[in-house]
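# Observations on chain architecture
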Amino acid sequence: YYPRTWSFDAWGQYLLASPRGGGLYEWTNDAANRAVAVNNAPTQIAYMLVAPLNGGYQAFALGCNEEVSNTFNPMCIRHSSIRNNTEWSTTASGSTAREYTLTGGGRLVAGRMVGPYMLAWTDKDLFVGTFVGALNQPWRFDRVGRNCGLIGPNAVIVVGQTAFWASPDRQFYRYAIGG
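Described below are features of the structure shown in this document. (Residues numbered from 1 in each chain as written. Predicted model: local features only at pLDDT ≥ 70, side-chain atom pairs only at ≥ 80, totals over all residues. Heavy atoms only, no water.)

### Concerning the side chain of Asp 125
Here Asp 125 is to be found in the loop between strand S10 (117–122) and strand S11 (126–131). On the basis of relative accessible area, Asp 125 is assigned to the buried category, the value being 5%. At a separation of 3.2 Å, a polar atom in the side chain of Asp 125 contacts the main-chain amide nitrogen of Asn 147. Residues in contact with Asp 125, not counting those within four places in the same chain, are Gly 104, Ala 120, Arg 143, Gly 145, Arg 146, Asn 147 and Gly 149. (Helix = DSSP H or I, 4+ residues; strand = E, 2+ residues; numbered from the N terminus. Buried < 20%, exposed > 50% of the residue type's maximum accessible area, 1.4 Å probe, protein only. Polar contact = N/O pair within 3.5 Å; in protein donor to acceptor, adjacent residues only side chain to side chain. Contact = heavy atoms within 4.5 Å.)

### A word on the pattern of salt bridges
This structure, assessed with the given rule, holds 3 salt bridges. Put simply, Arg 78 and Glu 99 hold a salt bridge, and the shortest N to O gap is 3.9 Å. With Arg 78 in strand S7 (residues 72–79) and Glu 99 in strand S8 (residues 98–101), this residue pair connects regions lying 21 residues apart in the sequence. Residue class for Glu 99 comes out partly exposed when judged on its relative accessible area of 31%. Of the charged contacts, one joins Asp 142 and Arg 140 as a salt bridge, the two residues approaching to 2.8 Å between their closest N and O atoms. Arg 140 sits in the partly exposed class, given a relative accessible area of 38%. (Salt bridge = Lys/Arg side-chain N within 4 Å of Asp/Glu carboxyl O.)

### Section: the layout of surface pockets
Approximately 160 Å³ is the volume attributed to the largest pocket. If you trace the largest pocket, you find it lined by Tyr 2, Arg 20, Gly 21, Gln 44, Ile 45, Ala 46, Phe 72, Pro 74, Arg 107 and Leu 108. Where the lining of the largest pocket is concerned, the elements lending two or more residues are strand S5 (45–53) and S7. Of the residues in the lining of the largest pocket, the class split is 6 nonpolar, 2 polar and 2 charged. (1 Å grid on protein atoms, 1.4 Å probe; cavity = no way out; pocket = protein on both sides within 12 Å on 5 of 7 lines; lining within 4 Å. Points joined across faces, edges and corners; volume = space filled by probe spheres on them. Nonpolar A, V, L, I, M, F, W, Y, C, P; charged D, E, K, R; others polar.)

### Digging into unusual backbone geometry
Phi at Asn 40 takes a positive value of approximately 70 degrees, unusual for a residue other than glycine. Here Asn 40 is to be found in the loop between strand S4 (36–37) and S5. A relative accessible area of 58% means that Asn 40 is categorised as exposed. At Asn 147, a residue that is not glycine, the phi angle is positive and equals roughly 55 degrees.

### Description of the sheet that holds strand S6 (residues 56–65)
If you walk across this open sheet you meet the 4 strands as S5-S6-S7-S8, and the pairing is antiparallel. Each having just a single partner strand, S5 and S8 make up the two edges of the open sheet. Strand-to-strand twist in this sheet, taken as the mean axis angle between neighbours without regard to direction, amounts to 20 degrees. Summarising the sheet, S5 and S6 pair through 8 bridges and their orientation is antiparallel. Bridged to Ile 45 within S6 is Cys 64. (Pairing = 2+ DSSP bridges. Axes fitted to C-alpha atoms, helices over the stretch in contact; angles between N-to-C directions.)

What follows is the structure, encoded as structure tokens:
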């Protein structure tokens with residue numbers, strides 16, 4: 001069973017939000033308006049976060065429906081184009097949106113930004129996402145930990161450049177970028 005938790009992140013002065021298993025919503029920081037669904041975003045997301053880049057942002061869906069088949073894949077990561085959270089198509093002209101499938105099995109649980117890097121936890125492993133800027137693959141995801149997954153989406157904290165978390169085996173772990 002997975003509780004209905006929400007993931008939130010800032011997109012400039014707006015707020016992006018996603019309920020576990022639901023779509024992506026944007027609130028324009030106006031109390032008179034409700035949050036609205038983000039066009040073209042995945043409709044089934046386990047966890048959402050925003051990666052701030054020099055000159056823009058990218059919205060990420062961790063554990064989501066694949067672009068072509070629209071089938072939910074718990075190990076699929078998709079991101080929007082830079083500076084455009086409504087562009088999720090990898091085939092659109094000029095699009096920087098991409099899709100990745102992590103290896104190792106299990107399911108993506110959560111992610112956090114640690115400086116310019118993204119940490120993505122499955123229920124089994126830890127991956128580091130690095131922005132490399134290549135057009136065909138803007139991000140690269142490398143497994144940096146095995147059998148140290150995340151017990152739940154809120155069971156992690158980042159302090160400075162170090163992440164601390166609880167895993168399904170009831171152990172605590174830490175990871176510092178580069179070590």
